[in-house]
Amino acid sequence: MQIKNWKNWFDEAGDMSRFAGRFFSQWFRPRYEVAEFFRQCFIIGYKSLPLVGLTGFIMGLVLTMQLRPSLIDYGVESQLPAMVGIAIVREIGPVIAALIFAGKIGSSIGAELGSMKVTEQIDAMEVSGTNPFKYLVVTRVLATTLMLPVLVMLGDAISLYGSYLGVNIRGVTSFQLFWTQVFDNLSFSDVLPAFIKSFFFGFAVGVVGCYKGYNSRKGTEGVGRSANSAVVLSSILIFIIDLIAVQVTDIFELN
Amino acid sequence: MAKQTISNIKLGVFVITGLLFLILLLYMIGKNENLFGSTFRLRAQFGNVQGLTSGNNIRYAGIQVGTVKKVRILNDTLIEVVMLIETKMKDFIRKNAVVSIGTDGLMGNHVLNITPVAGTADLVGDNDILPVKKMESVDDMMQTLAKTNEDVAVIASQLKNTVLRINSSTAVWEILDDKTVPQHIRSSLINVRSATAKASRLISDLQLVLSDIRDGKGSLGAIITDSSFAQNLQAALLRINEVGADADTLAKTINSLTRQVQDDLDRGGGTANVLLKDSTFARNLRESILNIREGTDGFNEIMEAMKHSFLFRGYFRNLEKQKKANLLLKQ
Amino acid sequence: METAFIIPVKPVATGTKKEEVIRIQGLYKSFGTNQVLIDFNLQLFAGENVVVLGKSGSGKSVLIKCIIGLLQPDQGLVQVFGKNIPDLSHEELDKIRMKVGFLFQSNALYDSMTVKENLEFPLRRHSIRMEQQEVDELVLNALDDVGLAHTINLMPAELSGGMRKRIALARTLILRPDIILYDEPTTGLDPITGKEIIELMVDIQKKYKSSSLIISHDMNCVRMAADRVVMLIDGKCYVQGSYDELKRSADPRVKEYFE
């Protein structure tokens, strides 16, 4: 039983890798589903902004308020903007945005493609002269890959604004001073690795959601399971990618 | 189709806003790291850069003017720091400006300080090498500071102890308050000195008498040549001699002591404190002064008694006669 | 089954043409160890309605998915308009698919699109250069054919099961296919709606002179629509003939369908 589980696990991992490979072999070939890609960008990117923005705002505010007491203990309260800024830009911003994104988009892609699979809509597309992989998977994976970094950037900005409000709850800092303190303590090695890893987060969410949906088993239960496992797996992958990213940046001495 | 265009606009705004923030972020960082805007290079050579690395800030008189481009080793004892400085600073930095490595705050990053120096010199050009000032590294400073702190702590605790003891000791305050003590000591010393002078004079007188007696002068020569009497007398003389010598050293010691006590009283501190720790000292001192006075008084009494003794009456009378004669001769 | 008697294929009564549009020979298809189709043979002539009758899980759906190229057969010949489907390139397959309509069992209407967009989808996807006006006209015609012109701007979720089936049919018809493949067209519908759908299918077949291959286990459907019935038992073409011929059959495995 144990061995069979492992076998299934590896089987699925291999299958998913092949699925991702199929994405790479197809995305640059015509025909290009431009309109559908933009539609997906709109749904995946723009429509996720309120959720990502809200969580980012709260994280910025809460992190600032939580860090203040310990910084006061060390007598470096004035470093609060710098510290929160680095935490948000390097780690909190990308990871929180990606997790929220996985919850919202990963599950919706999993459920949407799952139900399309179950109700033969994917077959219908193929019959209608459409490559469903390109039309459904490539557009969605590209959209998640490209939209998450944009969401992360906007989420960072909103988080920093939340942090600015958090600083001002028990102290007075002008917006300009806050801004200068944050930027003076940031470097390219803080922004770029975080920005680059958010592409991978987006890709992981897109590929996992599409894979789970595309290979959904018959029945409504299968659809639910696809959506659920898409969220779980993409959340885990986000943390694994985060781990790899920090090691890679460490190797390149960008830390 | 109208619906589609609206969502396109929203998507466009969304993406462009995100990218603008990224660009802003990168631009602000780049501005801090002097990636944009024109710069020129300056160099400085150190024996030890204390962990300065490329990207550290450079300040001219406290103003952010550039960043460290790179740190490279020229040879085993010389390390060169290449600086990127904003071009507009070419009008201000002179060739005699001194470069030093400091830290931003107590725990902050290393910074390179360019300090202007009084006196005229040409303005710097590209790739000039600026003179260097060795600064105490924060490490050394901290170590010294720690040691000093420890010493200060020890001293402070001892001082506190002393002060407490002085404060609680009434004897010391008595002595310190008593202005007559040094005077007493001085007068007693004068007494001691006069006593010793008297003693020495007495001894020389006695020697004279003895030689006279040995020579058989006087009516009582025969009696006095009694050997036992002579021996006793000799021992007494020796003892008297010793007393005189002791008194002499004692006088010296007490003399220096009084001077010190006087000094300490004038300055209100120093060894007097240590000396005066012993509360019994004052009493002893006073007693010993009294003793000395008593001793000298006793001596005088002995001398008087000797003068009136029948044995020496004649001798003293002669002596007085001689003195009178001398006086008459001098007159 | 040596006892099985094969009724020779008769020329279709209405058809003046005898053109063979689909020809399946020696088709094998298995999923893992499960042999679904074993040496299956079928012919479909132009203008003919053929019903493939069989139990659930007998491989009927597999058969038509092989015809449209959604599944690859393990072995055998699947010729549509004289071309073997498994050998075709993607472009060639798309050309065949323009001429072959497919009505899915679960309708397969795109949930995220309106009825109009659903109907436009095959027109736009098949790289057909067409003016918007022309497209609108085709959409309206197709909707008129199924009697649901008023639903043009609704979403599929707002429609009843029967309406959805009809919209799906309209979408299948919009490309004016020469062959229509129906996958269980009456499944999930009440008998009356099912009957309406079958009537619609027959009407359309008459109107456009297309041929159709219907997969079903619904005897009403067989009776009303079939020019010829093919019974799929044990992965083989067990027997074929007209409805009446099969009804008179003494074979117990055939008879159980007519009871």
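Computed from a predicted structure; not experimentally measured.

(A) The arrangement of the interface of chain A and chain B in detail. Listed by partner, the interface residues are 23 residues for chain A and 19 residues for chain B. Across the interface of chain A and chain B, roughly 2,000 Å² is buried in total on both sides, 85% from carbon and sulfur atoms. Of all residues in chain A, A:Tyr46, A:Phe183 and A:Phe188 bury the most surface against chain B, accounting for 30% of the area lost on that side. Connecting chain A to chain B are zero residue pairs in polar contact (both at pLDDT 80 or more). If one sorts the elements of the side of chain A that touches chain B by residue count, helix H6 (residues 132-167) of chain A sits on top with eight residues. Here the side of chain A that touches chain B is composed, by residue class, of 19 nonpolar, two polar and two charged.

(B) Local environment of the side chain of A:Ser128. Mapped onto the secondary structure, A:Ser128 falls in the loop between helix H5 (121-127) and H6. Residue A:Ser128 is classed as buried on the basis of its relative accessible area of 8%. Reaching out from A:Ser128, the side chain makes a polar contact with the backbone oxygen of A:Ala124 at a distance of 2.9 Å. Each residue touching A:Ser128, except ones within four places of it in the same chain, is listed here: C:Tyr110, C:Phe121, C:Pro122, C:Arg125 and C:His126.

(C) The arrangement of helix H7 (residues 175-184) of chain A in detail. Within H7(A) the residues assigned to the buried category are A:Phe178, A:Val182 and A:Phe183. Each buried residue of H7(A) lies within a common arc of 120° when the element is viewed along its axis, so the set occupies one face.

(D) Looking closely at the nonpolar core. Residue and element names in this part refer to chain C. Ile22, Ile24, Phe40, Ile67, Leu181 and Leu213 are the most contacted members of the largest nonpolar core, which totals 89 residues. Residues within four places of Phe40 in sequence aside, it is in contact with Ile24, Gln25, Gly26, Leu27, Leu63, Val230, Leu232, Gly235, Lys236 and Cys237. In this structure, Val146, Leu173, Ile198 and Met231 belong to the second largest nonpolar core, which totals 48 residues.

(E) Quick peek at the pattern of salt bridges. Counted under the stated rule, the structure contains 28 salt bridges over all chains. With a closest N to O distance of 2.9 Å, A:Glu112 and A:Arg140 form a salt bridge. Taken as a pair, A:Glu112 in helix H4 (residues 80-118) and A:Arg140 in helix H6 lie far apart in primary sequence, 28 residues in all. Residue A:Arg140 is classed as buried on the basis of its relative accessible area of 1%. Residue C:Arg166 is joined to C:Glu196 by a salt bridge in which the shortest nitrogen-to-oxygen separation is 3.2 Å. Remark: C:Glu196 occurs in helix H6 (residues 191-208) and C:Arg166 occurs in helix H5 (residues 161-173); sequence separation between them is 30 residues. Judged by its relative accessible area of 22%, C:Arg166 is partly exposed.

(F) Here's a closer look at the packing of aromatic side chains. All names here are of chain A. Per the stated rule, a full pass over the model turns up 24 aromatic pairs over all chains. The interplanar angle of 85° and the centroid separation of 4.7 Å between the aromatic rings of Tyr164 and Phe175 together place this pair among those described as edge-to-face. Of this pair, Tyr164 sits in helix H6 while Phe175 is found in helix H7, placing the two residues 11 residues apart along the sequence. What makes Phe175 partly exposed here is its relative accessible area of 38%. Here the aromatic rings of Phe195 and Phe199 are separated by 5.3 Å at their centres, their planes lie at 85°, and the arrangement is edge-to-face.

(G) Representation of the interface of chain A and chain C within the structure. Opposite the 18 residues of chain A that make contact, chain C presents 24 residues. Interface area for chain A against chain C, summed over the two sides, is near 1,700 Å², with a carbon-plus-sulfur share of 47%. At the surface where chain A touches chain C, the tally comes to three salt bridges. Its salt-bridge partner being A:Glu120, residue C:Lys65 comes within 3.4 Å of it at the nearest N-O pair. Applying the counting rule to chain A against chain C returns eight residue pairs in polar contact (both at pLDDT 80 or more). Looking at the side of chain A that touches chain C, the elements that each hand over two or more residues are H4 and H5 of chain A. For the side of chain A that touches chain C, a count of residues per class yields six nonpolar, six polar and six charged.

(H) Layout of the pairing of strand S6 (residues 110-115) of chain B. All names here are of chain B. Direction of pairing for strand S2 (residues 57-60) relative to S6: parallel, over a ladder of four bridges. Note that in S6 the partner of Asn57 across the bridge is Val111. Pairing geometry for strand S5 (residues 98-103) and S6, over six bridges, is antiparallel. Its bridge partner lying in S6, Val99 is registered against Ile114.

(I) Local environment of the environment of B:Arg59. Secondary-structure assignment places B:Arg59 in strand S2. If we ignore the near neighbours within four places in the chain, the residues touching B:Arg59 are B:Gln64, B:Val65, B:Asp104, B:Val111, B:Leu112, B:Asn113 and B:Ile114.

(J) Local environment of unusual backbone geometry. Cis geometry is adopted by the peptide bond preceding A:Arg31, which originates at A:Pro30 and carries an omega value of 5°. Locating A:Arg31 in the fold gives a position in the loop between helix H1 (2-26) and helix H2 (34-44). One non-glycine residue, B:Asn127, lies in positive phi territory at about 65°. Tracing the sequence through the fold places B:Asn127 in the loop between S6 and strand S7 (128-130). Note on B:Asn127: relative accessible area 37%, which makes it partly exposed.

(K) Just the sheet that holds strand S1 (residues 20-31) of chain C, in detail. Residue and element names in this part refer to chain C. Strands sit in the order S2-S1-S4-S5 across an open sheet of four strands; the sheet is antiparallel. Strand pairing shows two members of the sheet lacking a second neighbour, strand S2 (34-45) and strand S5 (83-84), which therefore form its edges. In terms of strand pairing, S1 meets strand S4 (residues 75-80) through five bridges, oriented antiparallel. Bridge pairing in S4 links Gln25 to Leu77. Across the sheet, helix H1 (residues 60-68) lies against S1, S2 and S4, angled at about 120° from S1, the strand it touches most.

Cut-offs and rules
- Every chain's residues receive numbers from 1 upward, in the order its sequence appears when written.
- All chains are assigned letters beginning at A, and all ligands numbers beginning at 1, according to the order in which they are written.
- With the structure being a predicted model, the display of local features is reserved for residues of pLDDT at least 70 and the display and counting of side-chain atom pairs for 80 or more, all residues being used for whole-chain, interface and lining totals.
- The side-chain numbers reported here are obtained from all heavy atoms of the structure, hydrogens and water having been left aside.
- Two residues qualify as a contact provided that any one of their heavy atoms is within 4.5 Å of a heavy atom in the partner residue.
- Defined in terms of a 1.4 Å probe, buried area is the accessible area two parts forfeit on being brought together, summed over both.
- Polar contacts here mean pairs of N or O atoms no more than 3.5 Å apart (in protein, one a potential hydrogen donor and the other a potential acceptor; neighbouring residues in sequence count only if both atoms are side-chain atoms).
- The helix count covers DSSP runs of H or I at least four residues long, the strand count covers runs of E at least two residues long, and both are numbered beginning at the N terminus.
- Charged residues are taken to be Asp, Glu, Lys and Arg, nonpolar residues to be Ala, Val, Leu, Ile, Met, Phe, Trp, Tyr, Cys and Pro, and polar residues to be all remaining types, Gly included.
- For each residue, the accessible area found with a 1.4 Å probe, counting protein chains only, is set against the maximum for its type, and the residue is called buried under 20%, exposed over 50%, and partly exposed in between.
- In this description, one arc is meant: the one made by directions from the helix axis to the C-beta atoms.
- Only buried residues count toward a nonpolar core. Its members are Ala, Val, Leu, Ile, Met, Phe, Trp, Tyr and Cys residues joined through side-chain atoms within 4.5 Å.
- Here, a salt bridge means any Lys or Arg side-chain nitrogen found within 4 Å of an Asp or Glu carboxyl oxygen.
- A pair of aromatic rings is counted whenever rings of Phe, Tyr or Trp (Trp by its six-membered ring) have centres within 6.5 Å, and the orientation is called stacked for planes under 30 degrees apart, edge-to-face for over 60 and tilted otherwise.
- Following DSSP output, two strands are said to pair if at least two bridges run between them.
- Here an axis means a line fitted to C-alpha atoms, over the contact stretch when the element is a helix, while the angle between two N-to-C directions is reported on a 0 to 180 degree scale.

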